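One-letter residues, chain by chain:
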Amino acid sequence: MTDATERERFEARDENDVLAGVLTYQLTGTIIAYTHTRVEPAYEGQGVGTALARAAMDDARTRGRTVVPICPFLSGWLDKHPEYEKIVVRSTRRIK
């Protein structure tokens, strides 16, 4: 996993440096909003999305950031990983 800060996204690449997926974000001060997760079709079902989510959340925790999970995939992933709840801010409404 690589934080491509100039593109505002985390990137997952395979052993041949082919892009497997991305998790995009918007950073404002110490607040980071994760906006979208995309896994390339050839890599679906191989844990790429999970690896991106974990890397992004671990990075946010290490840097003392507050996370706003806009991305539906990440929001669902966080429902299964309560160990990150202390750094997550959620709305009372779900946007579909």
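What comes next is a walk through the structure.

**Thoughts on the pattern of salt bridges**
Any two side chains of opposite charge can pair, on the condition that their charged atoms come close.
For step 1, the next point in the chain: In this structure the tally under the stated criterion is 10 salt bridges.
For step 2, the next point in the chain: Measuring nitrogen to oxygen at the nearest pair gives 3.9 Å for the salt bridge that ties arginine 7 to glutamate 6.
For step 3, the next point in the chain: For arginine 7, a relative accessible area of 49% corresponds to the partly exposed category.
For step 4, the next point in the chain: Here glutamate 6 falls in the exposed class, since its relative accessible area comes to 61%.

**Details of the packing of helix 1 (residues 48–62) against helix 2 (residues 72–79)**
For step 1, the next point in the chain: Helix 2 packs onto helix 1 with a crossing angle of 75° between their chain directions and a minimal axis gap of 10 Å. The orientation of helix 1 with respect to helix 2, classified from their angle, is roughly perpendicular. Where helix 1 approaches helix 2, its residues Gly49, Thr50, Ala53, Arg54 and Met57 are matched on the opposing element by Phe73, Leu74, Trp77 and Leu78.
For step 2, the next point in the chain: Taken together, the residues that form the contact of helix 1 with helix 2 break down as six nonpolar, two polar and one charged.

**Re the nonpolar core**
Among soluble globular proteins, nonpolar side chains are generally buried collectively.
For step 1, the next point in the chain: Counting 22 residues, the largest nonpolar core has Tyr34, Met57, Val67 and Leu74 as the members making the most contacts within it.
For step 2, the next point in the chain: Going through the elements one at a time, strand 2 (9–13), strand 3 (19–28), strand 4 (31–39), helix 1 and helix 2 are the ones with two or more residues in this core.
For step 3, the next point in the chain: With six residues, the top contributor of residues to this core is helix 1.
For step 4, the next point in the chain: The residues touching methionine 57, leaving out its near neighbours within four places in the chain, are Tyr34, Val67, Leu74, Trp77, Leu78, Tyr84, Ile87 and Val88.

**Focus: the pairing of strand 2**
For step 1, the next point in the chain: Where burial is concerned, most of strand 2 is hidden: four out of the five residues are buried.
For step 2, the next point in the chain: Both strand 1 (residues 2–4) and strand 2 contribute to a ladder of three bridges, which runs antiparallel. From the neighbouring strand, aspartate 3 faces strand 2, where its bridge partner is phenylalanine 10.
For step 3, the next point in the chain: Where strand 1 folds back on strand 2, the antiparallel hairpin that results is connected by four residues, among which glutamate 8 adopts a positive phi of roughly 50°.
For step 4, the next point in the chain: Where strand 2 and strand 3 come together, five bridges link them in antiparallel fashion.

Cut-offs and rules
- Residues numbered from 1 in each chain as written.
- Predicted model: local features only at pLDDT ≥ 70, side-chain atom pairs only at ≥ 80, totals over all residues.
- Heavy atoms only, no water.
- Salt bridge = Lys/Arg side-chain N within 4 Å of Asp/Glu carboxyl O.
- Buried < 20%, exposed > 50% of the residue type's maximum accessible area, 1.4 Å probe, protein only.
- Axes fitted to C-alpha atoms, helices over the stretch in contact; angles between N-to-C directions.
- Helix = DSSP H or I, 4+ residues; strand = E, 2+ residues; numbered from the N terminus.
- Parallel < 35°, antiparallel > 145°, perpendicular 65-115°, else oblique.
- Contact = heavy atoms within 4.5 Å.
- Nonpolar A, V, L, I, M, F, W, Y, C, P; charged D, E, K, R; others polar.
- Core = buried A, V, L, I, M, F, W, Y, C linked by side-chain atoms within 4.5 Å.
- Pairing = 2+ DSSP bridges.

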